[in-house]
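The primary structure of each chain is shown beneath.
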Amino acid sequence: MKMHIMKNQKQRIFLMLSFVLFFAIGECGWAGLNQLPQQDTKDNEKLLLALPFFSVNRGTTSSVAPTTTSSVAPTIISVLPAQNAIDVSISSSIIISFSKPMTPTSIDSTTITLLQGTTTVLSQINMLNSEVAVIVPSGNLSTYTSYTVTITTDVKCIEGIPLATHYAWNFTTGADSLPLSVVSVSPANTTLNVSPTAGILVTFQKAVDSATLISANITITANGSLFPMVLTITPVGTSAVLISSTTPLANFTLHTLQLTSGIKDTSGNALTGNPYTSVFTTSSESGVDGGSVTTISGPLSVASGTAEGTALNPFLARYNLPRFLAWANIAGTEKLFITNMSGNNLRILILSGATAGLTTSLAGLNSPRGVIINHANTELFITNTTGQNIKKVTLPSTLVAAALAGSGVAGYVNATGVAARFYNSEGIAIDSEGILFVTDQTNHVIRKITSAGVVTTLAGAYPTVISGSIDATGTSARFNAPRGIAIDASNNIYVTDSNNHTIRKITQSGIVTTIAGSALNPGYENSSGVAARFNTPQGIVFVPAQAPNIGGMLLITDTLNHAIRMLDPNTGMVTTYAGPLSATTGGVPLAGYVNSTRFASRFNYPVGITVNPSSGVVYITDTNNYAIKKITY
């Protein structure tokens, strides 16, 4: 009896659960009936058979009334752009959402088509996920145009059931609101060895308004000059333009092409970038060479000595290993101040006026090398190299040189005035605040000197002398016999790290980076950054922005390549400014004494370099030719 009651209770409970299951089918799906309890199968079957909705085959439940979703045909539940949408973007993609997962192989250009009238628009069709397809046209759609999308019943869901009905809808594009952009430039950005007579072809992604292709919107400049070249601008088709200079471009020179937002497409959309910029470097293919190299003081053939030059004959002057030099305009007279190393003096060469060519000397120095003048042209500073101190001369008099810093004894001590010690200091430069910076060559560091004579180490090892090549900050950085030094308008410092054959940049906070050349890898290579090669660079000067043709550049005496190199500090691009264009016998360009055009000229161990900031005329010491030379662009 007890057993019978328990069985009836079990049946009642199961019957209740069955009704709960019936009402929950909408949430769980009919397949959930397969999960009914199996421990009392015969009793379960009897109860389920009593329900009018079920028939049971041991372990399997099937419906005789509802239909499973696997047998339902797929439909389109949404499209984008919507049916009859207007002002659709011409760059729009088309998105289709299906009611259930689809078979990817049935979604392609044979089943889904984008039409402009009766013409099929070339497109790529992909599945974003199992229920969403996207049509991506191969190009922008036409403006103010009606399009139709069709989807055939060959599109199928994953159960193989085709789309319920053929589907189609329309939309209309609006105005072109996309900005104009450059697709390509030939020669491409940063290309080397471009012919000086080559044109530049710029291609846009769509039709351009030819009336906006004018010189106000298109410029080419050489080496950052503020003076753009005169150009011939010729539209090519509807979406390209050919740009060329009316005269050949300078050889081995970095050029910059700029396109402004004044260039517009036929719908009035402006060019992006403002300005769009591309750079290239010319070769010497055309045989065009510019400028000139001339001797302005010293012998016209190799000879050393001590004689002074005169206004009537500047070539009477004799030098004995002239090293660094500085240009200045003092009371309206242009002058060069030249350290005459083995002559142990400073030579002053007058460049303008009735006495141009005359030289005078300041004696009492010990193998002087570096020289710089303050911005007010009232003080001159000299690295008295083997005298192991820094000298100051008050201008306009050049009769007395007083020690600003350094004891006269070689060493490495940061202190004030004569308590400080240097070891073969070479280059010297001055920033906008009047602070001096010196390359302390044998100590392999860069020193800083205030107007009060306080000496500290800006970059390089301290207090121990350690050479090397490490880009780092302050005393963690390493140099190897730094020689030349220059400062730009933002007070960034540039150093020729001679024995590393590299050019280093130092910020005022002492952060050191290598911007051109490869440490301990000498050579001759016009290229960019670490791919460029130098051989013991020494002199360096920053050319102010106002100088024509070469403003904003660094000029470097590449001493053992017997050449003058030019470096763009913004891009790291290195080119030849004067002297041989490439290595020759034994991998080293030939030295010589030849005054000619810039690239036909020859030098022998050039060291010092300076520039007239207004005219861009460059002056160098052609050291082993014992001559002072002028280079014009």
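Note that this is a predicted model, so its numbers are computed, not measured. (Residues numbered from 1 in each chain as written. Predicted model: local features only at pLDDT ≥ 70, side-chain atom pairs only at ≥ 80, totals over all residues. Heavy atoms only, no water.)

So, about the nonpolar core. Counting residues in hydrophobic clusters, the biggest one holds 26 residues, and the most contacted among them are Ile96, Phe98, Ile112, Leu114 and Phe171. If you list the elements that add at least two residues to this core, you get strand 3 (76-80), strand 4 (85-88), strand 5 (94-98), strand 6 (112-116), strand 9 (132-137), strand 10 (146-151) and strand 11 (167-173). For Phe171, the contacting residues outside a window of four places in its chain are Pro81, Ala82, Ala85, Val88, Ile94, Leu114, Leu141, Thr145, Ser146, Tyr147 and Val149. (Core = buried A, V, L, I, M, F, W, Y, C linked by side-chain atoms within 4.5 Å. Buried < 20%, exposed > 50% of the residue type's maximum accessible area, 1.4 Å probe, protein only. Helix = DSSP H or I, 4+ residues; strand = E, 2+ residues; numbered from the N terminus. Contact = heavy atoms within 4.5 Å.)

We now examine the side chain of Asn526. Relative to the assigned elements, Asn526 resides in the loop between strand 36 (512-516) and strand 37 (537-542). The class of Asn526 is buried, set by a relative accessible area of 15%. Among the polar contacts made by the side chain of Asn526, one reaches the side chain of Thr576 at a distance of 3.0 Å. If we skip the residues at most four places from it in the chain, Asn526 touches Leu192, Phe252, Arg565, Val574, Thr575, Thr576 and Leu581. (Polar contact = N/O pair within 3.5 Å; in protein donor to acceptor, adjacent residues only side chain to side chain.)

So, about the sheet that holds strand 31 (residues 445-449). With antiparallel pairing, four strands are arranged side by side in an open sheet as 29-30-31-32. The strands lining the two open edges of the sheet, one partner per strand, are strand 29 (425-430) and strand 32 (455-459). The mean angle between the axes of side-by-side strands here comes to 30 degrees, regardless of whether they run parallel or antiparallel. Relative to strand 32, strand 31 runs antiparallel, the two being bridged by four bridges. Within strand 32, the position partnered with Arg447 by the bridge is Thr457. (Pairing = 2+ DSSP bridges. Axes fitted to C-alpha atoms, helices over the stretch in contact; angles between N-to-C directions.)

Looking now at the sheet that holds strand 20 (residues 292-297). With antiparallel pairing, the four strands of this open sheet are ordered in space as 20-43-42-41. Lying at the two open borders of the sheet, with one neighbouring strand each, are strand 20 and strand 41 (606-611). Pairs of neighbouring strands in the sheet enclose a mean axial angle of 30 degrees, with direction left out of account. Here strand 41 runs beside strand 42 (residues 618-622); their pairing, made up of four bridges, is antiparallel. Looking across to strand 42, one finds that Thr610 is bridged to Tyr619.

Under the defined criterion, the tally for this structure stands at four aromatic pairs. Note on Tyr412 and Tyr462: the rings are 5.3 Å apart at their centroids and 75 degrees apart in plane angle, and the pair reads as edge-to-face. Of this pair, Tyr412 sits in the loop between strand 28 (402-405) and strand 29 while Tyr462 sits in the loop between strand 32 and strand 33 (482-487), placing them 50 residues apart in sequence. According to the relative accessible area criterion, Tyr462 is partly exposed, its value standing at 39%. When the ring centre of Tyr593 is taken as reference, the NZ or CZ atom of Lys629 above it lies at 3.9 Å. (Phe/Tyr/Trp six-rings, centres within 6.5 Å; stacked < 30°, edge-to-face > 60°. Lys NZ or Arg CZ within 6 Å of the ring centre and 35° of its normal.)

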